[in-house]
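Summary of structural features
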Amino acid sequence: MSEVLERIQTAYAADQARGFKKVTAVVDLPRSYEELTEDWMTEALCRDVPGARVQSVNLGPPDNGSSNRRRISVVYNAAGQAAGLPEQLFCKASHDLANRMVLGVSGGAKGEVNFYNLFRPHIEMEVPTSYFAAWNEVSCNSLIILGDITDSVESFCDDKTPMSLERARSQMRLLARLHASGYANAEVKTNLSQMPTWEEFYHRSCDFGLESGIRKAFHEARDILPASVYGMGEDGMWDCMLQSVARHGTLPRTITHGDVHLKNWYVAGNGEMGLSDWQCSNSGHWSRDLIYTIATALPIADRRKWDRELVAYYLDELASHGGPRVSLDEAWLHCRQQLWTALSWWLVTLCPPEGLPDMQPRDTTIEFLTRIGTAMDDAGSAAAFG
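All of the points below concern the structure found in this document. (Residues numbered from 1 in each chain as written. Predicted model: local features only at pLDDT ≥ 70, side-chain atom pairs only at ≥ 80, totals over all residues. Heavy atoms only, no water.)

**Observations concerning empty space enclosed by the protein**
Summed over the entire model, instances satisfying the criterion amount to 1 cavity of 30 Å³ or more. By volume, the largest cavity is sized at about 60 Å³. Lining the largest cavity we find S67, K92, A93, S94, L103, G108, A109, E112, V113, S142, I144 and Q279. Secondary structure elements with two or more residues in the lining of the largest cavity: β3 (88–93), α5 (108–119) and β5 (142–147). If you tally residues by element for the lining of the largest cavity, the top one is α5, at 4 residues. Per-class residue counts for the lining of the largest cavity are 5 nonpolar, 5 polar and 2 charged. (1 Å grid on protein atoms, 1.4 Å probe; cavity = no way out; pocket = protein on both sides within 12 Å on 5 of 7 lines; lining within 4 Å. Points joined across faces, edges and corners; volume = space filled by probe spheres on them. Helix = DSSP H or I, 4+ residues; strand = E, 2+ residues; numbered from the N terminus. Nonpolar A, V, L, I, M, F, W, Y, C, P; charged D, E, K, R; others polar.)

**Let's talk about the packing of helix α14 (residues 328–350) against helix α15 (residues 362–379)**
The interhelical angle for the contact between α14 and α15, taken along N-to-C directions, is 155°, at an axis separation of 9 Å. With respect to α15, the axis of α14 lies roughly antiparallel. Considering how the two elements wind past one another, α14 and α15 form a crossing that is left-handed. On α15, the residues that touch W332, R336, L339, W340, A342, L343, W346, L347, T349 and L350 of α14 are R362, T364, T365, I366, F368, L369, I372, A375, M376 and A379. Counted by class, the contact of α14 with α15 contains 15 nonpolar, 3 polar and 2 charged residues. (Axes fitted to C-alpha atoms, helices over the stretch in contact; angles between N-to-C directions. Parallel < 35°, antiparallel > 145°, perpendicular 65-115°, else oblique. Left-handed = near helix turned anticlockwise from the far one by under 90°. Contact = heavy atoms within 4.5 Å.)

**Examining the sheet that holds strand β8 (residues 265–268)**
One open sheet holds the 3 strands; their spatial order is β6-β8-β9, and the pairing between them is antiparallel. In this open sheet, the two strands that pair with only one neighbour each are β6 (153–156) and β9 (273–275). If you compare each strand with its neighbour and ignore which way they point, the axes differ by 30° on average. Bridging between β6 and β8 involves 3 bridges; their strand directions are antiparallel. Bridge assignment links V153 to a residue of β8, and that residue is A268. Running at roughly 45° to β9, helix α6 (residues 165–184) makes contact with β6, β8 and β9 of the sheet. (Pairing = 2+ DSSP bridges.)

**Considerations on the side chain of H285**
Tracing the backbone through its elements, the reader meets H285 in the loop between β10 (282–284) and α12 (286–297). Here S287 takes part through its side chain, which lies 2.8 Å from a polar atom of the side chain of H285. When neighbours within four sequence positions are excluded, H285 is seen to be in contact with H248, L251, P252, T256 and H334. (Polar contact = N/O pair within 3.5 Å; in protein donor to acceptor, adjacent residues only side chain to side chain.)

Now the structure itself:
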């Protein structure tokens, strides 16, 4: 792992030493949004429309977290306007060193680029449209250009978003279509080899500091976690997380999102739920996406009323789209076991290790930890491995 970090740091230093440079061809990934030119954007966005050109590029304010985000508006010539090319764009990149290290070591940059290039075209679901996606294997610099859906959605979700049973069912329908594609679609099955497995993604993240952050946060969350979880102690908690990952590795694989907390969902204009932010996507088992969604999307009282019903609904949808027929008892055991790494994703958000950017507001982190921890207590996750 030190070799990977050293390679990324060396490549980043070389990028910085070259100084500012406007890029004109997509073979050169920009090292900042300011390096983008009309020629570069023309090649990226107008390649299928003869005569179309980007005439101006206008950058919105920076918005940095686990990736470097930016809204961009472009103006086309008459040919581009007539073709209806996208004018409002939302971009994600790994320009800064911290972002390259996080997304490079975990495989997040490669995974999200591969999702949009290799999987999105084969799956019918509510997901933002990608117009360009590429990454550099050496430097882990990356850029994804999506359509900006701000004006077309009803709302972007957060921990305060009201979630009805029908909205939760819409989430189940989307996940079922996504996961069933790994069984029913030949292109998706073939392309799974281009994605990291969930176990690889998790252990790479541990090498970068995930474990130390989780262990520290476990004690800081002592007033948040239920006694059935906190009472296991730090080592008992960590052992269950490793068992969860190991169990995951024995299960059938499909394409999974990996970070399906409620803030990565949105309510589309037609009322259906949509899913964004695919930088944790991987080759894994559907159960983790399923229970992670339910545990974070719903307030505790509603989750207690609806969780089994939603799992059963998901299983019917999964089978109807070409996935396997699975019993509710089998699925529930998987869900109980996979809640452990849903918890780990939010423990590390509470106490990010050195080198990781702050990823979420503290009040959101505490709310999701509370929801996940209570779901684990209700489901008996502490005894899920016998």
